[in-house]
Amino acid sequence: MSLRQKDLATAWRILSYGFPYWRRILAVLLLFSIYGAAQSLRVALIPILVDGVLIPGGTGEKSRALGLYEQVASWLGVSTVVPRTYRQEFPFDEIELSGTRIDGPDHALILTDGRIERIVPPAHQLWVGMFQELRFARIRFSPEVAARAEGRPGGRIVIRGGGTATCSLGESADDSKRREYLIAFAIIGAILSVVLGITDYFKEYLNRSLAFFITVDLRRDVFASLTRQSVGFFDRQRSGDLISRLTNDVGAVQLFTTMFFSSFLEEPIAIILIVAVALYFAPTLTLIALPIMFLLVLPVVRSGKRVKKHGRGSLEKLGIVTEAIHQLFSGIRIVKAFDMEGHEREAFDRKNRHYIRESLKMVKAKVTGVALLEFLYNLVIALAVAGGGYLVLSRLVAIQLGDFAAFMAAMATVYRPLKAVTRALNTLQESLGGGDRVFQILDARPEIADAPDAIDIYGVRDGIVFDGLHFSYRSDGDERWVLQDVSFEARMGETIAIVGPSGAGKTTLVDLIPRFYECRRGVISIDGIDVRRITQRSLLRQIAIVGQEPFLFNTSVRENLRYGREDATPEAIEDAARLAFIHDVVAALPEGYDTEIGERGVMLSGGERQRLTIARAILKDAPILILDEATSALDANSERLVQGALENLMRNRLTFVIAHRLSTISRATRIMVLESGRIVEQGTHEVLLAANGVYATLHRMQSQQLAGQGEGQRAPA
Ligand SMILES: Nc1ncnc2c1ncn2[C@@H]1O[C@H](COP(=O)(O)OP(=O)(O)OP(=O)(O)O)[C@@H](O)[C@H]1O
Ligand SMILES: [Mg+2]
């Protein structure tokens, strides 16, 4: 079997998402049972039609089915005349029928005392066990006997031969009785149809809604798990693949849950009930057929492993396709600018082909199993008819016609649920591949999580101490340090400028404060508390960041500004916008603060975006402010204005400013010069100029540039 323990564990985990909906599950189970019962009742109806309407006969031994109905009818207080047949073997050479009724293939006769004129073919051994055989023996009567036979139902049959056997046939079902049976058959059939229709509606609705609830909950958990992951996690993952897992893979799981409740609960219930009917009516035949039927499922189960492998592969490839779409959207300008549309299309085609190839392999594995089942099952049905017929004919199994019909109907009916179960076994494999991929995210332990004894902090009193920081983006022990032995103190009220060449590690350094990444060695402490002992929520509440790449959400200006300060009043929002010199721009937008600004704020200019992110940080009103190239996209004039506004804001806070334009940071209380991850100089602007080191060189170069451009903007003096 290809269902391994791990698969079962995955399946169980998916299903455990259904536990909160146990009431729904119980209702579904109840409906499944009702549906299954109605279905098997329909099978059990067939003997009424066969024994009661089509071939009603004399009396004798009852067929099991009719015996059951007689019983039920008597419980219900309904009087029934159930046609009976008897089975006894007699050697004979003459049959005398009296007062009984025989349905012939071309005539029905009722005899008073008739002598059989001729039997075609000449039979020497007549088995009267099935009434039909009497008919097939073609007993012919002379016409005058027929005439005399009119109108006398009921009577005796006398068989003469090596001794005389006499059987009382009692009352037989007449035409009105047959009509009654036919009507009963139709009414019960109609009632069953109504029951089947109604339960089908509710069971399908409940079952499918259950699958939706489970997948929505699962997706919610995966999303929640993603929000808990550190920034480093997202650096390593492909976002398109993550999106694909949240949509396509979760979709595959949904397929599983739908399938599970219908195929692994409903169909087995149906199978059990139908088999029960067959067992009751035709125990021997059913016991012979049953093991063969279930052996049929095995080849399908065997193909499951390949289905899982390729199903998973197919979802992975679909992840790559999604990733490509995602990339195109975010990079459309570059694609166009570099005239790479054709290249992108080709690359996309290639990825799609990989996806198709993998999917087709899965489909092939899947249909192989199902087609094999289709073939084998129909073969078995044919064999069952022939074999069952043989057993009956050769009298190895004694069975009445109606019972046999019910058995055959059961065999035909049980096929659909059996096929559904085997199909579901395959789908299960396919979905489990998706389930595994989903649980991978769910199980990804956040690299940065609250320590068990983490505490909340409320505000910052003294400042931040960086002590012997070492940091590397690689977690595999490869110590290519991006930051090395960074130590300094930053007190509240200070403005710390961080300067240095591109790639020196400036952004990295400030990213360590909110714990976007965890330093590998050394400690960052706020008011003497190691940041690793502070809850992330309370830590982040103390920090407002204007990042190097301004990010805005695809919603209104107001929503963007309120981000992180849901309770901000409209006045507070406007004040913040004014401070960031963006209010006038926003006011001029078609819908003012309610204007939607598009994905990442594409409907605004780079500088406007930057000022909005500054306004957002101002509104957050946190004690620690991080400005990473926050004003780089502004012209010199707006920068000066924003700078002035920010200075008011910085007064009682601790601010980290990263800037390439040294003019921006001239008023910083301290300047840290970072080079290749090390602090090479620190001090005020004046001190550093006097030291005539790296900073002085940088400063000189920028001043010359500006002078060369002949611009009015002076380097800080
Ligand atoms: N997410 C990341 N994963 C791996 N390496 C990174 C990552 N981010 C940055 N780096 C590397 O770390 C080094 C420092 O990057 P950082 O962004 O801190 O530089 P920076 O001083 O802010 O530069 P810039 O002035 O250009 O913004 C660089 O060599 C960069 O290639
Ligand atoms: Mg940077």
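Residues numbered from 1 in each chain as written. Chains lettered and ligands numbered in written order. Predicted model: local features only at pLDDT ≥ 70, side-chain atom pairs only at ≥ 80, totals over all residues. Heavy atoms only, no water.

J.: What should I look at first to understand the overall build of the protein chain in this one?
T.: The number of helices and strands found in the protein chain is 23 helices and 19 strands. A fraction of 78% describes how many contacts in the protein chain between residues 6 or more apart in sequence connect residues 24 or more apart. As presented, the protein chain carries roughly 35400 Å² of accessible surface, and 58% of it is formed by carbon and sulfur atoms. (Helix = DSSP H or I, 4+ residues; strand = E, 2+ residues; numbered from the N terminus. Contact = heavy atoms within 4.5 Å. Areas by Shrake-Rupley, 256 points an atom, 1.4 Å probe, with all protein chains shown as cover.)

J.: Even after reading the chapter, I still don't get the coordination of the magnesium ion (ligand 2), so can you show me in this structure?
T.: Angles between donor atoms at a metal ideally measure 109.5 degrees for a four-coordinate tetrahedral arrangement and either 90 or 180 degrees for a six-coordinate octahedral one. Distances from the magnesium ion (ligand 2) to its protein donors, T507 (OG1) and Q548 (OE1), fall within 1.9 to 2.3 Å. Placement of the pair is T507 in helix α15 (residues 506–511) and Q548 in the loop between β15 (543–546) and α17 (557–562), with a sequence separation of 41 residues. Classification of Q548 as partly exposed rests on a relative accessible area of 37%. (Donors = N, O, S within 2.8 Å, 3.2 Å for Na, K, Ca; no water. Buried < 20%, exposed > 50% of the residue type's maximum accessible area, 1.4 Å probe, protein only.)

J.: I'm lost on the sheet that holds strand β18 (residues 670–675) in this one. Help?
T.: Across the sheet, six strands lie side by side as β15-β16-β17-β12-β18-β19; this open sheet has mixed pairing. The open sheet is flanked by β15 and β19 (678–683), the only strands paired with a single partner. With strand direction ignored, the average angle separating the axes of adjacent strands in the sheet is 15 degrees. In this structure, strand β12 (residues 495–499) lies alongside strand β17 (residues 654–658), joined through four bridges in parallel fashion. Across the sheet, the residue bridging to I496 is F656, located in β17. Across the face of the sheet, helix α20 (residues 606–620) comes into contact with β15 and β16 (624–628) while running at roughly 175 degrees to β15. Sheet contacts for helix α21 (residues 636–650): β12, β16 and β17; angle to β16, the most-contacted strand, approximately 155 degrees. (Pairing = 2+ DSSP bridges. Axes fitted to C-alpha atoms, helices over the stretch in contact; angles between N-to-C directions.)

J.: Mind showing me how you'd approach the side chain of D511 here?
T.: Relative to the helices and strands, D511 resides in helix α15. Of the side chains bearing the opposite charge, K506 lies closest to the buried D511, which forms no salt bridge; the N-O distance is 12 Å. In contact with D511, not counting residues within four places along its chain, are F516 and Y517. (Lys, Arg positive; Asp, Glu negative; His and termini not counted. Salt bridge = Lys/Arg side-chain N within 4 Å of Asp/Glu carboxyl O.)

J.: It is not clear to me how the packing of aromatic side chains should be interpreted in this structure. Could you clarify?
T.: How two aromatic rings sit relative to each other is given by the distance of their centres and the angle of their planes. A full pass over the atoms with the stated rule returns 16 aromatic pairs. Between Y21 and F213, the aromatic rings sit 5.0 Å apart at their centres with planes inclined by 15 degrees, giving stacked as the arrangement. Taken together, the residues span a long stretch of sequence, with Y21 in the loop between α1 (5–16) and α2 (22–54) and F213 in helix α6 (residues 175–228) at a distance of 192 residues. When its relative accessible area of 31% is taken as the criterion, F213 is described as partly exposed. For the pair F404 and F407, a centre-to-centre distance of 6.3 Å together with 35 degrees between the ring planes defines the contact as tilted. (Phe/Tyr/Trp six-rings, centres within 6.5 Å; stacked < 30°, edge-to-face > 60°.)

J.: In this structure, what is going on with the packing of α1 against helix α14 (residues 401–443)? I would like to understand it.
T.: How two helices pack is summed up by the angle between their axes together with the distance between the axes. The interhelical angle for the contact between α1 and α14, taken along N-to-C directions, is 75 degrees, at an axis separation of 10 Å. With respect to α14, the element α1 is oriented roughly perpendicular. Counting all contacts with α1, which are made through K6, D7, T10, A11, R13 and I14, the residues of α14 involved are Q429, L432, G435, D436, F439, L442 and D443. For the contact of α1 with α14, the per-class residue count stands at five nonpolar, three polar and five charged. (Parallel < 35°, antiparallel > 145°, perpendicular 65-115°, else oblique. Nonpolar A, V, L, I, M, F, W, Y, C, P; charged D, E, K, R; others polar.)

J.: How should I be thinking about the pattern of salt bridges in this particular structure?
T.: Counted under the stated rule, the structure contains 32 salt bridges. Note that D436 is salt-bridged to K6, the shortest N-O span being 3.1 Å. With a gap of 430 residues between them, D436 in helix α14 and K6 in helix α1 connect regions that are remote in the sequence. Via salt bridges that share partners, K6, D7, K308, R312, E316 and D436 belong to a single interconnected network.

J.: What's the story with the nonpolar core in this structure? I'm lost.
T.: The nonpolar side chains of soluble globular proteins are, as a tendency, buried together. One finds L285, Y377, F404, F407, M411 and V414 to be the most contacted residues of the largest nonpolar core, which totals 43 residues. Listed by contribution, the elements that provide at least two residues to this core are α2, α3 (64–75), α6, α8 (239–281), α9 (283–295), α13 (341–393) and α14. When residues of this core are assigned to their parent elements, the largest contribution, eleven residues, is made by α14. Residue contacts for M411: discarding those within four places in its chain leaves A289, M293, Y377, I381 and A384. Counting residues in hydrophobic clusters, the runner-up holds 42 residues, among them A577, L619, V642 and A668. (Core = buried A, V, L, I, M, F, W, Y, C linked by side-chain atoms within 4.5 Å.)

J.: What's the story with the side chain of T508 in this structure? I'm lost.
T.: Relative to the assigned elements, T508 resides in helix α15. When sequence neighbours within four positions are dropped, the list of residues in contact with T508 reads F471, Y473, V482 and L483.

J.: Teacher, can you tell me more about the confidence of the model for the protein chain here?
T.: Regions with low pLDDT carry predicted coordinates that are not meant to be interpreted in detail. Averaged over every residue, the pLDDT of the protein chain is 78; the share at 70 or more is 81%. Counted against residues more than four places away or in other chains, residues 83–173, with its pLDDT under 50, gives 201 contacts. Below pLDDT 50 for its whole length, residues 711–717 participates in 16 contacts with residues either more than four positions away or in separate chains. (pLDDT = per-residue confidence, 0-100.)

J.: Teacher, can you tell me more about α9 here?
T.: Three or four residues apart is the spacing at which side chains of an α-helix point the same way, because the helix has 3.6 residues per turn. Over its 13 residues, α9 runs 19 Å from end to end, which matches the ideal 18 Å to within 8%, given 1.5 Å per residue. The largest bend in α9 is about 25 degrees, located at A289, with the proline P291 one to four residues further on. Among the residues of α9, L285, T286, A289, L290 and M293 are the ones counted as buried. (Expected span 1.5 Å × (residues − 1). Bend = angle between axes of the 7 residues up to and from the residue.)

J.: Just checking my understanding: could you explain the sheet that holds strand β13 (residues 521–526) for this structure?
T.: Whether parallel or antiparallel, the strands of a sheet pair through hydrogen bonds between backbone atoms. The strand order β11-β10-β13-β14 describes an open sheet built from four strands, whose pairing is antiparallel. Each of the sheet's edge strands pairs with one partner strand only, and the pair in question is β11 (483–491) and β14 (529–530). Here two bridges tie β13 to β14, and the two strands are oriented antiparallel to one another. Pairing of S525 across the sheet is with D530, part of β14.

J.: So what exactly am I meant to see when it comes to the site of ligand 1 here?
T.: Lining the immediate environment of ligand 1, one finds 13 residues, of which S502, K506, T507, T508 and Q548 sit closest. Between S502 and ligand 1, the recorded distance is 2.5 Å, taken from a side-chain N or O atom to an oxygen atom. With respect to ligand 1, the backbone of G503 contributes an N or O atom lying 2.8 Å from an oxygen atom. Computed on the free molecule, ligand 1 has an accessible area of 630 Å², of which 63% lies beneath the protein chains in the complex. A total of three residues in the shell around ligand 1 trace back to one element, the largest contributor, which is α15. Split into classes, the residues belonging to the shell around ligand 1 amount to four nonpolar, seven polar and two charged. (Near = heavy atom within 4 Å. Polar contact = N/O pair within 3.5 Å; in protein donor to acceptor, adjacent residues only side chain to side chain.)

J.: Sorry, what's going on with a positive patch on the surface here?
T.: Where like charges cluster on the molecular surface, the positive patch consists of R306, K309, R350, R353, R357, K361 and K364. The set of elements that each furnish at least two residues to the positive patch consists of α11 (304–330) and α13. The biggest single contributor to the positive patch is α13, with five residues. For K361, the location among the structural elements is in helix α13. Here K361 falls in the partly exposed class, since its relative accessible area comes to 40%. (Patch = residues over 30% accessible without salt bridge, like charges linked within 9 Å, V, L, I, M, F, W, Y side chains within 5 Å. Charge placed at Lys NZ, Arg CZ, Asp CG, Glu CD.)

J.: Looking at this model, I keep getting lost on a nonpolar patch on the surface. Mind explaining?
T.: Judged by side-chain polarity, V194, I198, Y201, F202 and Y205 come together as a nonpolar surface patch covering roughly 550 Å² of accessible area. Mapped onto the elements of the fold, F202 is located in helix α6.

J.: Could you clarify how one ought to interpret the packing of helix α18 (residues 570–579) against α20 in this entry?
T.: Orientation of α18 relative to α20, taken along the N-to-C sense of each, is 130 degrees, at an axis distance of 8 Å. Put simply, α18 runs oblique to α20. For α18 against α20, the interelement crossing comes out right-handed. Of α20, the residues touching α18 (which contributes A572, I573, A576, A577 and L579) are A615, I618 and L619. When the residues that make up the contact of α18 with α20 are grouped by side-chain class, the tally is eight nonpolar, no polar and no charged. (Left-handed = near helix turned anticlockwise from the far one by under 90°.)

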